[in-house]
Amino acid sequence: MTESNTIRPSGSRLANHVTLITGASRGIGRAIAQAYAAEGATVCLAATNREMLAEVQASLELPPERSIVMPLDVTDRAACFAAVEAIEARFGRLDVLVNNAGIYQSKTFLDYAPEDFQRLLDVNLFGVINLMQAALPRMQSRGRGRIVNIASTAGKWGSRNQSAYNVSKHAVVGLTRCVALEAAATGVTVNAICPGFIQTDMVENLKRGYAAIGGADGDAVVKAALARVPMNRVLEPSEVAALAVYLGSPESAGMTGQSLLIDGGMLLC
Ligand code: NAP
């Protein structure tokens, strides 16, 4: 892989790239795995549920040497370092790290227990820290690499009833800026994607959580949420995946430290 910003033909934009995608068992991570595989990448699929990862792997229909399933809890720091080491041992390098694994919980600030904050930070922030610290030195020693962190619109502004989640995503946005700055001269870029409402299990979770707090039914929650989205629709995971392809590819060589909104225009109003 060269670090020129040459645009490759569609279908080969990630050819010969070894990639690690966390949270690849469903939702946005699954869509990123599909998009990366379609662009020629070798994909290492990580999440805690081995069966669902195996299902994703089978659906990709890649030759055996282009995918592996890696059961991994991103809160387990030693396991994160071991996973990166295993990828390097098997494939010789890791070119792209996508930190997508995440959890969500709705509660009022006063109802969140310290343990709730801790759990959200452990997965959404420390999972990202663990894998970046495992992968970055190796990428830097080779003078190239891409790190793509999946943050959220919740990392850009305040929201009611999800303060712990927003704190974790603000932290990812801040961390992305700081690590990007430290890595900028080494050939490694670090960027974040901030999705708005994307149709996954997490949105179903959000509906249930908000309904439990406010007594509204799930559909009313979505209607109220969509009132803030000028495009008036929930986006598809594949739309986020397309941006993750760009940020993982040589095309984005000149961009680092950014947190890109893909939110149907939410921030405009
Ligand atoms: P999802 O459908 O709930 O999927 C979450 C993924 O994370 C699953 O693959 C899950 O796999 C994995 N995961 C959770 N805890 C993990 C852990 N400790 N270690 C490893 N993997 C773990 O959620 P999604 O909507 O696709 O969300 C993906 C990312 O996008 C998250 O970071 C989320 O915060 C962000 N995001 C989502 C939306 C949205 O509207 N959907 C909006 C903004 C940002 P296992 O259960 O198998 O571990």
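Residues numbered from 1 in each chain as written. Predicted model: local features only at pLDDT ≥ 70, side-chain atom pairs only at ≥ 80, totals over all residues. Heavy atoms only, no water.

1. Section: the overall build of the protein
Counting secondary structure elements, the protein contains 8 helices and 7 strands. Expressed as lengths along the three principal axes of its C-alpha atoms, the size of the protein is roughly 55 × 40 × 35 Å. Out of the 269 residues belonging to the protein, those deemed buried represent 52%. A separation of at least 24 residues holds for 74% of the contacts in the protein among residues at least 6 apart in sequence. (Helix = DSSP H or I, 4+ residues; strand = E, 2+ residues; numbered from the N terminus. Buried < 20%, exposed > 50% of the residue type's maximum accessible area, 1.4 Å probe, protein only. Contact = heavy atoms within 4.5 Å.)

2. Here we look at the pattern of salt bridges
Counted under the stated rule, the structure contains 11 salt bridges. A salt bridge links R138 to E88, with the shortest nitrogen-to-oxygen separation between them at 3.6 Å. Within this pair, whereas R138 is found in helix α4 (residues 114-142), its partner E88 is found in helix α3 (residues 77-91), the two being separated by 50 residues in sequence. For R138, a relative accessible area of 27% translates into the label partly exposed. Judged by relative accessible area, E88 falls into the buried class, the value being 12%. (Salt bridge = Lys/Arg side-chain N within 4 Å of Asp/Glu carboxyl O.)

3. Structural notes on the side chain of D116
Tracing the sequence through the fold places D116 in helix α4. Side chain to side chain, D116 and K107 meet in a polar contact 2.9 Å long. Those residues in contact with D116 that sit more than four places away from it in its chain are Q105, K107 and D111. (Polar contact = N/O pair within 3.5 Å; in protein donor to acceptor, adjacent residues only side chain to side chain.)

4. Describing the sheet that holds strand β2 (residues 42-47)
Read across the open sheet, the 7 strands follow the order β3-β2-β1-β4-β5-β6-β7; overall the sheet is parallel. Where the open sheet ends on each side, the last strands, each with one partner, are β3 (67-71) and β7 (259-262). Each strand axis lies, on average, 15 degrees off the axis of its neighbour in the sheet, ignoring direction. Note that strand β4 (residues 96-99) and strand β5 (residues 145-150) share 4 bridges and pair parallel. By the bridge assignment, N99 is partnered in β5 with N149. Taken strand by strand, α3 contacts β1 (18-22), β2 and β3, and its axis lies near 160 degrees from that of β3. (Pairing = 2+ DSSP bridges. Axes fitted to C-alpha atoms, helices over the stretch in contact; angles between N-to-C directions.)

5. Section: the environment of Q133
On the secondary structure map, Q133 appears in helix α4. Taking relative accessible area as the criterion, Q133 reaches 42% and is therefore assigned partly exposed. Taking the C-alpha atoms as reference points, Q133 and F81, 52 residues apart in sequence, are found 8.2 Å from one another.

6. Looking at the pairing of strand β6 (residues 188-195)
The element β6 is largely enclosed, with a buried count of 8 among its 8 residues. Side chains V188, V190, A192 and C194 project from β6 onto one buried face, and the interleaved T189, N191, I193 and P195 project onto a second face that is buried too. Pairing of β5 with β6, which is carried by 6 bridges, proceeds in the parallel orientation. The residue of β6 that forms the bridge with G145 is V188. In this fold, β5 hands off to helix α5 (residues 163-183), which returns the chain to β6; that crossover is right-handed. (Right-handed = clockwise from strand over helix to strand, strands pointing away.)

7. Some remarks on the nonpolar core
A general trend in soluble globular proteins is that nonpolar side chains are found buried together. One finds L20, L94 and L97 to be the most contacted residues of the largest nonpolar core, which totals 39 residues. At the level of secondary structure, the elements contributing two or more residues to this core comprise β1, β2, β3, α3, α4, α5 and β6. It is α4 that contributes the most residues to this core, 11 residues altogether. Beyond its immediate sequence surroundings of up to four residues, L97 is in contact with L20, L131, M132, A135, M139, R146, I147 and V148. In this structure, A33, A47, L60 and I198 belong to the second largest nonpolar core, which totals 32 residues. (Core = buried A, V, L, I, M, F, W, Y, C linked by side-chain atoms within 4.5 Å.)

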